[in-house]
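Here is what each chain is made of, one letter per residue.
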Amino acid sequence: MKIILLGPPGSGKGTISKALNRHDGSVQISTGDILRSAIAEGTDLGKKIEAAMSSGNLVTDDLVISIMEERLLRDDCKEGYLLDGFPRTTVQADALKVILEKTGSKLDCVLELVIPRATIVERLSTRRTCVQCSEIYNIKFKPAKVDGTCDLCGGNIVQREDETQAVIENRLEVYKTKTAPLVDYYRKEGSLLSVETSDFEPVLAALKAHI
Ligand code: AMP
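These figures come from a predicted structure and were not determined experimentally. (Residues numbered from 1 in each chain as written. Predicted model: local features only at pLDDT ≥ 70, side-chain atom pairs only at ≥ 80, totals over all residues. Heavy atoms only, no water.)

Peer 1: Looking at this model, I keep getting lost on the site of the ligand. Mind explaining?
Peer 2: What surrounds the ligand is a group of 16 residues, the closest being T31, N57, G85, R88 and R171. T31 has a polar side-chain atom sitting 2.7 Å from a nitrogen atom of the ligand. In the environment of the ligand, a nitrogen atom lies 3.1 Å from a nitrogen or oxygen atom belonging to the backbone of V59. In isolation the ligand offers 480 Å² of accessible surface; the protein chains occlude 96% of this area. At a threshold of 2 Å from the grid points, most atoms of the ligand map onto the largest pocket. Looking at which element gives the most residues to the shell around the ligand, the answer is helix α2 (residues 31–41), with four residues. (Near = heavy atom within 4 Å. Polar contact = N/O pair within 3.5 Å; in protein donor to acceptor, adjacent residues only side chain to side chain. Areas by Shrake-Rupley, 256 points an atom, 1.4 Å probe, with all protein chains shown as cover. 1 Å grid on protein atoms, 1.4 Å probe; cavity = no way out; pocket = protein on both sides within 12 Å on 5 of 7 lines; lining within 4 Å. Sits in = over half its atoms within 2 Å of the grid points. Helix = DSSP H or I, 4+ residues; strand = E, 2+ residues; numbered from the N terminus.)

Dropping the structure here:
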């Protein structure tokens, strides 16, 4: 399956795409994870993007598109992929269209997760992430067995710098102005499926009915 996960930060794109990956093996590609790794490794790319990411703004289209062009042409993407966090602007969506044409493939679905704003703000401000394997925890709904330590890999669990209240507000505003127009973009193409849940089973059932 070739699927785009669309939705504001905190709508459950990462969780759903990881569950879909476990379900059918399609590779999960999170631009946020790729960019965070570049920062952690201190690469030139990491230095360029650190300020934009920590303030909740988008990294430039040029940089993200060149990363994704390289990533989507790798062999493991031939069968399918789940795009978590890309595209985030219409310029990126146009670039993805060109990549799809180049590889002679097409999207199966653009899955939009529609979640109330209050739920998103609560989820993001209580969310914690493993610095090592990116597993997501939540201090209210899904705490780690040992406080501060990842159940899966033993890495440190932290609050992301861009998940503090002020930055969350900015990220939601950026979503509204830059990314939400993609809902209409893909609706016009006929590939949009909107679901008002981020629970895996109903999402999977809706996807099966759609594809
Ligand atoms: P995420 O983990 O998807 O919430 O992304 C975290 C941050 O990474 C975003 O707030 C942006 O700063 C950056 N980012 C992720 N994906 C993109 C993208 N497709 N275009 C621009 N910036 C991105």
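Continuing now.
Peer 1: It is not clear to me how the nonpolar core should be interpreted in this structure. Could you clarify?
Peer 2: Soluble globular proteins: nonpolar side chains tend toward being buried together. Judged by nonpolar contacts, the single largest core of 29 residues is most densely connected at I29, L72, Y81, L83, L96 and Y186. For this core, the elements supplying multiple residues, two or more each, are β1 (2–6), β2 (27–30), α2, α3 (44–54), α4 (61–72), β3 (81–84), α5 (90–102) and α8 (181–189). Beyond its immediate sequence surroundings of up to four residues, Y81 is in contact with M1, K2, I3, S26, V27, I29, L72 and L100. Core analysis: the second largest hydrophobic core is formed by 13 residues, L5, I16, V203 and L204 among them. (Core = buried A, V, L, I, M, F, W, Y, C linked by side-chain atoms within 4.5 Å. Buried < 20%, exposed > 50% of the residue type's maximum accessible area, 1.4 Å probe, protein only. Contact = heavy atoms within 4.5 Å.)

Peer 1: Any chance you could explain the pattern of salt bridges here in plain terms?
Peer 2: Once the charged atoms of two side chains with opposite charge are near each other, the side chains can pair. Under the counting rule described, the total for this entry stands at 14 salt bridges. For the salt bridge of K142 with E135, the shortest nitrogen-to-oxygen distance reads 2.9 Å. In this structure, R160 and D162 form a salt bridge, with 3.0 Å as the shortest nitrogen-oxygen distance. Each member of the pair, R160 as well as D162, carries the same accessibility label: buried. Connected through shared salt-bridge partners, R127, R160, D162, E163 and R171 make up one network. (Salt bridge = Lys/Arg side-chain N within 4 Å of Asp/Glu carboxyl O.)

Peer 1: Help me understand the layout of surface pockets in this model?
Peer 2: Remark: the empty space left among the atoms is shown by a probe the size of a water molecule rolled over them. Empty space within the largest pocket amounts to approximately 1,000 Å³. Contributing to the lining of the largest pocket are 44 residues, with G10, G14, R127, I136 and R160 lying nearest its centre. Residue assignment for the lining of the largest pocket shows that the elements contributing at least two residues are α1 (13–24), β2, α2, β5 (127–130), β6 (136–138) and α7 (165–179). Residues of the lining of the largest pocket, tallied by class, amount to eleven nonpolar, 18 polar and 15 charged. In this structure, the second largest pocket occupies an estimated 530 Å³ of space. Forming the walls of the second largest pocket are 19 residues, and the residues nearest its centre are R36, S37, A40, V131 and R160. Elements that contribute at least two residues to the lining of the second largest pocket include exactly α2, α3 and β5. Here the lining of the second largest pocket takes six residues from α2, the largest share from any one element. Residue composition of the lining of the second largest pocket, grouped by class: six nonpolar, six polar and seven charged. (Points joined across faces, edges and corners; volume = space filled by probe spheres on them. Nonpolar A, V, L, I, M, F, W, Y, C, P; charged D, E, K, R; others polar.)

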